[in-house]
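# Working through the structure, step by step
Residues per chain, in single letters:
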Amino acid sequence: MDEIESGALTPEPGPPDYPGLGYGGPGHGDGASWLLPLPEGQLAVLVEAPAQARRSRWWNIALALLAVAVLSVAVSLLVTARRASSDASAATAQAMSMNQSRDDLDTQQRQVDDRRRAMDTATSALDAAMVRLEKSMTDAAEAQHHLVDVHTRAADLWNAGKRGETANLAKTDGAAALADLDQKTTAVDKAMTDLQAATRDLQVKFDG
Amino acid sequence: MAEPIVTPPQPTVRRRRRFSRGLLILLVVCLAGAVSAGVMARSARHDQTIAIKTRDEASSRRDAQQVASDAAQGQLDDTRRSDLAISGSLTTPMATAQHAVDLANQTMAVYRDIQRYAESLVPSGFNDAVNRANALIKDYNDTLDQLGKELDAASNPAVPA
């Protein structure tokens with residue numbers, strides 16, 4: 001509210017808590033002034049009241065404090081946002097690193113599994129080669145027994161003086177038994193070669 | 001009494017009002033900044049939550065993969081130990097088997113002699129060849145017996161821990 005102070009331009013001291021504000025005409029004090037023409041030719045000065053000035057000042061202080069408070073909140077929120085963003089970036093980087101580590105482990109596991117399967121396959125091949133060698137030797141032994149039987153019969157015929165039958169038996173059954181034994185012995189050779197190859201393959205797989 | 005004539009405010013008053021307006025504008029700007037910062041903070045916190053969740057999931061998957069990889073490596077180590085035992089246990093039978101094969105080939109050559117003498121009816125050569133064959137057969141049979149024992153032992157090798 002404005003107050004009208006009329007009369008002579010007598011400066012009056014301002015309130016103690018607002019010493020810069022005083023009553024008077026232009027050039028006096030800090031208050032707003034309204035010049036009022038008076039009938040006597042004197043001027044009436046409408047000045048800002050001390051209470052309004054105080055309110056204005058407190059209002060400015062309150063605004064400034066509020067602005068500072070809001071600014072502090074904004075800065076605090078910005079710091080929080082930046083920290084959270086930094087944490088998010090760090091967590092994302094860690095997640096990517098862990099994903100990469102997991103992929104590496106997965107690749108490593110596949111390689112390990114492949115190697116183990118290769119070794120299992122080589123071991124199975126070695127077992128099979130041993131079985132084939134054993135069987136081929138058994139077959140060769142049977143063929144050998146058969147050939148020995150034929151030769152024993154031939155010897156018996158020879159000893160009985162049946163030379164023609166001896167020669168005939170040797171050329172028929174004997175030749176067939178010998179061919180069979182030759183074939184079985186060749187199979188033994190091949191089985192032995194396969195076994196040696198399987199052993200070498202297992203060693204290669206073992207050395208990785 | 002005349003109507004009051006309103007004159008423009010004095011410079012000090014204008015400055016104060018300008019200052020007030022400035023403070024108001026600053027306050028509004030600060031409020032806008034605070035709101036923006038709040039939105040940014042909220043978004044960043046959301047991103048942080050998602051990133052941490054993603055990281056934790058990745059960590060769990062990595063740990064699970066580590067367990068699987070360790071298990072696979074353990075299986076491989078077991079297989080390697082087993083294969084090492086097999087390879088070691090096969091060394092002797094392999095040598096014995098090679099000896100048996102050599103004997104079989106030698107016996108085969110003698111059998112060819114026997115067959116030739118039988119076909120040509122040469123008893124002296126026949127008997128001599130049979131004697132050589134018998135000696136080889138005995139050695140061959142002994143070698144096969146030895147091989148059988150060695151293979152039995154190799155079929156259950158002692159796997160080192």
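Every chain's residues receive numbers from 1 upward, in the order its sequence appears when written. Think of it this way: whatever chain is written first is A, whatever ligand is written first is 1, and the rest follow in order. Owing to the predicted nature of the model, reporting of local features is limited to residues with pLDDT of at least 70; listing and counting of side-chain atom pairs is limited to 80 or more, with chain, interface and lining totals taken over all residues.

Runs of E in the DSSP output that reach at least two residues are strands. Runs of H or I that reach at least four are helices, and both are numbered from the N terminus. Within chain A, the regular secondary structure consists of two helices and three strands. Scored against the burial criterion, the 208 residues of chain A give a buried share of 29%. Pairs at least 24 residues apart make up 55% of the contacts formed inside chain A by residues separated by at least 6 positions. To sort residues by exposure, count the other C-beta atoms lying within 10 Å of each residue's C-beta; 20 or more gives buried, 12 or fewer gives exposed, and values between give partly exposed, all with C-beta atoms placed from the backbone. Contact between two residues is assigned whenever their backbone-derived C-beta positions fall within 7 Å.

Interfaces are often sized by the amount of accessible area the parts lose when they come together. Contacts between the two partners involve 69 residues from chain B and, on the opposite side, 75 residues from chain A. Considering every element that reaches the side of chain B that touches chain A, the biggest residue donor is helix α1 (residues 11–120) of chain B, with 58 residues.

pLDDT: the predictor's confidence for each residue, scored from 0 to 100. In this model, chain B carries an average pLDDT of 86, and 91% of its residues clear a pLDDT of 70 or more. On the interface metric, ipTM, the complex scores 0.73, and its pTM is 0.68.

Before going further, it helps to examine the packing of helix α2 (residues 163–207) of chain A against α1 of chain B. How two helices sit against one another is set out by the angle between their axes and by the gap between those axes. Axes here refer to lines fitted to C-alpha atoms; in helices the fit is confined to the stretch in contact. Angles between the N-to-C directions go from 0 to 180 degrees. Contact geometry for α2 of chain A and α1 of chain B: axes closest at 9 Å, N-to-C directions at 160 degrees. Relative to α1 of chain B, the element α2 of chain A lies roughly antiparallel. Both α2 of chain A and α1 of chain B take part in a crossing whose hand is left-handed. The residue makeup of the contact of α2 of chain A with α1 of chain B, split by class, is 19 nonpolar, nine polar and seven charged. Our angle categories are set so that under 35 degrees counts as roughly parallel, over 145 as roughly antiparallel, 65 to 115 as roughly perpendicular, and the remainder as oblique. Helix crossings fall into two classes, left-handed where the near helix is turned counterclockwise from the far one by less than a right angle and right-handed where it is turned clockwise. For this classification, Asp, Glu, Lys and Arg are treated as charged, while Ala, Val, Leu, Ile, Met, Phe, Trp, Tyr, Cys and Pro are nonpolar and the rest, including Gly, are polar.

Moving on: unusual backbone geometry. The residue Leu121 of chain B is not glycine, and still its phi comes out positive at about 55 degrees. Inspection of the secondary structure assignment puts Leu121 of chain B in the loop between α1 and α2 (123–155).

With that settled, the discussion passes to the nonpolar core. In this structure, Leu133, Leu181 and Leu195 of chain A together with Ala97, Ala100 and Ile114 of chain B are the most contacted members of the largest nonpolar core, which totals 44 residues. Broken down by secondary-structure element, the contributors of at least two residues to this core are α1 (50–159) and α2 of chain A together with α1 and α2 of chain B. The contact partners of Leu195 of chain A, leaving out residues within four places of it in the chain, are Ala129, Met130 and Leu133 of chain A together with Ala97 of chain B. A set of buried Ala, Val, Leu, Ile, Met, Phe, Trp, Tyr and Cys residues, joined through C-beta atoms within 7 Å, is what we mean by a nonpolar core. Judged by nonpolar contacts, the second largest core, of 19 residues, contains Ala67 of chain A together with Leu23, Ala51 and Ala58 of chain B.

What follows covers the environment of Met137 of chain A. For Met137 of chain A, the location among the structural elements is in helix α1. Among the residues examined, Met137 of chain A registers 25 C-beta atoms within 10 Å and is labelled buried. In this view, Met137 of chain A contacts Val188 of chain A together with Ala100 and Leu144 of chain B; residues no more than four positions away in its chain are not counted.

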